[in-house]
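Survey of secondary and tertiary structure
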Amino acid sequence: MIKQRWDIFCKIVDNFGDIGVCWRLARQLQSEHGLQIRLWIDDLVVAQKIIPNINFAKSSQVCDEIIILKWPSVDKEDDAGFALAAEVVIEAFSCGLPPAYLAAMVQQKSPVSKTKWINLEYLSAEPWVADFHAKPSPQANGLTRYFYFPGFTDATGGLIRERDTLGSHYDNSRSDIETLKVSLFCYPHAPIHDLLAAMAESNQQINCYVLASSILPQIADFFGKETIDIGDNLSQKNLHISVLPFFSQADYDALLRDCDINFVRGEDSWVRAIWAGKPFIWQPYFQDENTHIKKLNTFLDLFYADFEAKQVVYEAHSAWVLAQLSNEVWQSYLDNLSAINAFTCQQSKKLAKLDDLAAKLVIFCNKIL
C-alpha cells in the first residue's frame, strides 16, 4: 500500500515553539496514521535542540522515520525537489510556502491530483476561533488554502495528543508535600527575580528545575554569579535550583508529570503541561497591543470557569505576565495548591475526551474534494 505523502513547512520564529509543535505533529502523523512525512525546516541548528539526531550540515536526512529537509534559499529552489508537491501540505503558522513549491501545487490542481493546502494556525481559546476554523480561502492562483485552528472545543481543530500521552501517570495523591518540585521554562522578560525571591521565602522547601535556555543569565544574577552552567546547584533559604540540560520532548514531558508546579511558555510546553495534569502557570508569547494578555485571559476563563479558587490562579498568571510577582501572590497560590492540583487533573482528563488534532486533521483532509 502506497503511503499518502504530507509535506510540513516550518519557519522557526519563536525559538522552540514552532518546531516543537511541527515535530510532534509530524511524528504522530507518521506513527499513528501511517503517512509519509517530509518536514521542511529553515533553521536546523535551532531544530537540533528539539530533534537531537539532526545533522545540521545535511540538507536531507531521516530522523525517526521523518524525512527532514533544509528549507532552501530562493536561488536554490530548483534543486530542492519541489517538482512534485505532496497530497497534503501544511503551512505552519502562516510561514509562507516557497514560490517553486506553490508553482508545483498549481500544476497539480486537477481534481484527481491537486494538493490540499492547510495553514495550521496558533492555538487560542478565543471564541472567534471556532468561526474561522476549517474555512476555505480561494487564492488568485486557483488553489484553495484552508485555515486550521487548534483549540479546546469540538468546534475547533483540537489539541496535539498522542495515543500514549495519557494513562496511569496521573498522581495527585500527594496531599502533604514537604518539598515542592517546580519546573521553570519561560521567556526572559518574566519577573524571574521576583519568583526566585518568593520561592526562597516560601514556607516550605522548593526544588526548582531550570532547563538551559535564555533565562540562565537572570538565574545567575539572582545568585550573584556572572554565569551558571548545566549541572550547577544553587541555594538560597528555602529555594534550591538545579540547572538541567535542554531536554528532549519525551524527557521534558516526564519532568512536567513529575513536578508539582510547572511554569511554561508559548504553545508546545503549555499543552504538555495540560496533559501532565499538574498545576501550571502559563506565559504566552508577547504580542503588541497586549494581545497576549487577552489570549491568556480567554484561556483562563475557559479552563477555570468552574473553579472556586480561580481568582488565585488569575492573580498568579496576571502577576507573572505583567512582571510584578509578589511574595503574597506566590504564597496564596501555594496555599491553594491542593485544590488547583485536583481541578487541573480533572480538566486535563476532560479535554482528553475530545478528538486530538492529528486525527481531526486527517479526517478533515480526507473530506476535502
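The structure we're discussing is the one just above.
Now for a look at the structure at hand. All values reported here derive from a predicted model rather than from experimental measurement.

On to the pairing of strand E7 (residues 135-138), then. Of the strand pairs in this sheet, E7 and strand E8 (residues 144-148) are connected by four bridges, and their pairing is antiparallel. Paired with Ser-137 across the strands is Arg-145, a residue of E8. Counted along the chain from E7 to the antiparallel partner E8, the turn is five residues long, and its residue Gly-142 has a positive phi close to 95 degrees.

Let's shift gears to the packing of aromatic side chains. Scanning all chains against the criterion turns up 28 aromatic pairs. Ring centres of Phe-9 and Trp-71 lie 5.3 Å apart, and the angle between their planes is 75 degrees; this geometry places the pair in the edge-to-face category. Of the two residues, Phe-9 sits in strand E1 (residues 5-10) while Trp-71 sits in the loop between strand E4 (66-70) and strand E5 (88-92), which places them 62 residues apart along the sequence. For the pair Phe-152 and Phe-299, a centre-to-centre distance of 5.3 Å together with 45 degrees between the ring planes defines the contact as tilted. Pair noted here: Phe-152 is in the loop between E8 and strand E9 (179-184) and Phe-299 is in helix H9 (residues 291-303), with a separation of 147 residues, a long-range link. One aromatic cluster is present, formed by Phe-152, Trp-270, Phe-280, Trp-282, Phe-299, Phe-303, Tyr-304, Phe-307 and Phe-343 through successive ring pairs.

Attention now goes to the pairing of strand E6 (residues 116-120). Of all five residues in E6, five are buried; the element is thus mostly enclosed. Burial along E6 is two-sided: the residues Lys-116, Ile-118 and Leu-120 and Trp-117 and Asn-119 are all buried. Taken together, the five bridges between E5 and E6 define a ladder with parallel strand orientation. Across the sheet, the residue bridging to Glu-91 is Asn-119, located in E6. Bridging between E6 and E8 involves four bridges; their strand directions are parallel. Looking at the pairing, Ile-118 lines up with Tyr-146 of E8.

Right, let's talk about unusual backbone geometry for a bit. Positive phi, normally seen in glycine, also occurs at Glu-65, with a value near 70 degrees. Relative to the helices and strands, Glu-65 is located in the loop between strand E3 (60-63) and E4. Accessibility expressed as a relative area gives 58% for Glu-65, which makes it exposed.

If you walk across this open sheet you meet the eight strands as E3-E4-E2-E1-E5-E6-E8-E7, and the pairing is mixed. Of all strands in the sheet, those with a lone pairing partner are E3 and E7, marking the two edges. Adjacent strand axes in the sheet meet at a mean angle of 25 degrees, parallel and antiparallel pairs treated alike. The pairing of strand E2 (residues 36-41) with E4 spans four bridges and is classified as parallel. Of the residues in E4, the one forming a bridge with Trp-40 is Leu-69. Contacts from helix H13 (residues 357-367) reach E1, E5, E6 and E8, with the element oriented near 150 degrees to E6.

Right, let's get into H9. Between the first and last C-alpha of H9 there are 19 Å, a value that for 13 residues agrees with the 18 Å anticipated at 1.5 Å per step. Restricting attention to buried positions, one finds in H9 the residues His-292, Ile-293, Lys-295, Leu-296, Thr-298, Phe-299, Leu-300 and Phe-303. Of the surrounding elements, those touching the buried residues of H9 are helix H8 (268-276), strand E14 (280-283), helix H10 (310-321) and helix H12 (337-351).

For Asp-253, the location among the structural elements is in helix H7 (residues 249-258). Accessibility expressed as a relative area gives 10% for Asp-253, which makes it buried. Ignoring any residue separated from it by four or fewer positions in sequence, one finds Asp-253 in contact with Arg-24 and Arg-272.

Where H10 meets helix H11 (residues 327-335), the closest approach of the two axes is 9 Å, and the angle between their N-to-C directions is 140 degrees. Here H11 runs oblique to H10, going by the angle between their axes. The handedness of the crossing between H10 and H11 is left-handed. Touching Val-312, Val-313, Glu-315, Ala-316 and Ala-319 of H10 are Val-329, Ser-332 and Tyr-333, all from H11. Tallied by class, the residues present in the contact of H10 with H11 amount to six nonpolar, one polar and one charged.

Scoring rules and cut-offs
- Residues numbered from 1 in each chain as written.
- Predicted model: local features only at pLDDT ≥ 70, side-chain atom pairs only at ≥ 80, totals over all residues.
- Heavy atoms only, no water.
- Pairing = 2+ DSSP bridges.
- Helix = DSSP H or I, 4+ residues; strand = E, 2+ residues; numbered from the N terminus.
- Phe/Tyr/Trp six-rings, centres within 6.5 Å; stacked < 30°, edge-to-face > 60°.
- Buried < 20%, exposed > 50% of the residue type's maximum accessible area, 1.4 Å probe, protein only.
- Axes fitted to C-alpha atoms, helices over the stretch in contact; angles between N-to-C directions.
- Contact = heavy atoms within 4.5 Å.
- Expected span 1.5 Å × (residues − 1).
- Parallel < 35°, antiparallel > 145°, perpendicular 65-115°, else oblique.
- Left-handed = near helix turned anticlockwise from the far one by under 90°.
- Nonpolar A, V, L, I, M, F, W, Y, C, P; charged D, E, K, R; others polar.

Function-wise, these values are silent; they only describe arrangement.
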